[in-house]
Amino acid sequence: MTTINWLEAWTAEDGARRVDELFTRSFDGSPEGVWSAPGRVNLIGEHTDYNAGLCLPTALPHRTYIALRPRDDDHVRLVSAQAEGMWEARLSDIAPGAARGWGAYVAGVAWALDQAGHKVGGFDAAVDSCVPFGAGLSSSAALEAAVAVALDAVAGLGLAASDAGRAELVDATRRAENEIAGAPTGGLDQSASLRCREGHALLLDFKPGLDPLESGVPVPFDLATAGLTLLVVDTKAEHDHVSGEYGARRASCEQAAELLGLDSLRDIAPTLGGMGIERALAELEAHDPDGVLRRRVRHVVSEIDRTARFADLVREGRAADVGPFMLASHASLRDDYEVSCRELDLVVDTAMASGALGARMTGGGFGGSAIALVHLSDVDAVSQAVADAFADAGLTAPAFLLAPPSAPAA
Ligand code: ADP
Ligand code: MG
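Residues numbered from 1 in each chain as written. Chains lettered and ligands numbered in written order. Predicted model: local features only at pLDDT ≥ 70, side-chain atom pairs only at ≥ 80, totals over all residues. Heavy atoms only, no water.

Novice: Mind laying out the nonpolar core, listing which residues take part and the relevant values?
Specialist: Core analysis: the biggest nonpolar cluster contains 74 residues, and I268 and F310 have the highest contact counts within it. Per-element tally for this core: the top contributor is helix α9 (residues 292-315), with 10 residues. Ranked by size, the runner-up nonpolar core spans 40 residues in total, among them A146, V147, A150 and A409. (Core = buried A, V, L, I, M, F, W, Y, C linked by side-chain atoms within 4.5 Å. Buried < 20%, exposed > 50% of the residue type's maximum accessible area, 1.4 Å probe, protein only. Helix = DSSP H or I, 4+ residues; strand = E, 2+ residues; numbered from the N terminus.)

In structure tokens form, the structure reads like this:
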């Protein structure tokens, strides 16, 4: 029997103690405070954020902690338990293309807040995290969101106090990731980390220009009462060319929208009053000899539809019925969008064969994590089956997390 590698979430006290100690060891004196922000798991709605579509994330109990103290000058000094040495820069030197390394995610938030007209100065900060890196669980957004609420507090901006203010912090953290860290992600991760609520999933609508009340709607998501839990499996799989593949998918979506004369693929989705998939596919046929564009479009549009229907079921308290939507989402990502991989498929197939109600890859794909909806009484059997299947296939041992819908950045 293979051993199961469980990744426990730290308690808030433990996280705070860790960064407080790291701060004191690295800089003189104490931090002004400690803030933290969660990683996220997306229940459904994959590769829809940059198509102005719908996603449905929850916040993980696993969080990134930051101890921070403002400075009188514009220097930024950073240490992380997950990185070597000290990262240093002057805020005045931060600009698109100019910042290197992990500090870009941090200094980028200060840069983006400044761009939005908020006065933030330099700071010293220490970071530590129990969100796994590069596992598709958004350690990058957890870091950015932790920085955002920390700077919001020390600069007295007051944005974290309201959902509308948090939507502004989402813009800043997303710009940090896109423009300073150079990762062209679509905003799902930052929205989840800053705007999810405990016990809820967050139905995100990426239509441009929506006010915060429309763009992010909390939906009560009570798995425990139904005797269910969400099991997350970090496959530890890392594949080459991930960012190139992501860029290629985005480009295909933009190309298809342009050929159809639409602002985005959202305008096809029937659930959102769009033109309908059959007509869109027929119109694309002449421009799409190999069928690739049509497969990409079919994924995005069907995924938006599945996300809306999944959210309706959750709203009706029927979380136990969402399994088929998870499976359909996975098949669509595997066959039409072509972003799954052997490890993700293995988790899904094994979890389903050992009693899960539904399972799918989550996050961008090509490695990262998969989720399974399982009865509490089946958690051990499902995780054991997945761990054994990976061992039998000679793959790196995966890590397992439980993901009750948790609290946002604070
Ligand atoms: P994911 O967000 O899925 O975990 P990404 O590649 O988007 O993966 O982000 C991971 C990157 O974010 C790391 O390579 C590192 O640069 C940065 N990062 C995230 N968390 C930390 C941390 N605790 N300390 C230092 N850097 C971090
Ligand atoms: Mg990320």
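Read on for the rest.
Novice: Tell me what's going on with the side chain of D152, and back it up with residues and numbers.
Specialist: On the secondary structure map, D152 appears in helix α3 (residues 139-154). Buried charged residue D152 carries no salt bridge. Nearest counter-charge: R166, at 7.2 Å. At a separation of 2.7 Å, a polar atom in the side chain of D152 contacts the main-chain amide nitrogen of L159. Excluding residues within four positions of it along the chain, D152 makes contact with L157, G158, L159, A160 and L169. (Lys, Arg positive; Asp, Glu negative; His and termini not counted. Salt bridge = Lys/Arg side-chain N within 4 Å of Asp/Glu carboxyl O. Polar contact = N/O pair within 3.5 Å; in protein donor to acceptor, adjacent residues only side chain to side chain. Contact = heavy atoms within 4.5 Å.)

Novice: How would you sum up the environment of V170? Please name residues and give values.
Specialist: Position of V170 among the secondary structure elements: in helix α4 (residues 163-180). Residue V170 is classed as buried on the basis of its relative accessible area, which comes to 7%. In this structure, the C-alpha to C-alpha distance between V170 and A192, residues 22 residues apart in sequence, is 9.0 Å.

Novice: Pulling in residues and values, what's your account of the site of ligand 1?
Specialist: Around ligand 1, a shell composed of 16 residues is seen, among which S80, Q82, G134, S139 and S140 lie nearest. Between G136 and ligand 1, the recorded distance is 3.3 Å, taken from a backbone N or O atom to an oxygen atom. Contact between ligand 1 and S140: an oxygen atom at 3.0 Å from a side-chain N or O atom of the residue. Against a free-state accessible area of 560 Å², the protein chains account for coverage of 78% of ligand 1. Structurally, ligand 1 is housed in the largest pocket. Sorting the residues of the shell around ligand 1 by element identifies β7 (123-129) and α3 as the ones contributing at least two each. Ranked by the residues each element gives to the shell around ligand 1, the list is headed by α3, at 3 residues. Its residues assigned to classes, the shell around ligand 1 shows 8 nonpolar, 8 polar and no charged. (Near = heavy atom within 4 Å. Areas by Shrake-Rupley, 256 points an atom, 1.4 Å probe, with all protein chains shown as cover. 1 Å grid on protein atoms, 1.4 Å probe; cavity = no way out; pocket = protein on both sides within 12 Å on 5 of 7 lines; lining within 4 Å. Sits in = over half its atoms within 2 Å of the grid points. Nonpolar A, V, L, I, M, F, W, Y, C, P; charged D, E, K, R; others polar.)

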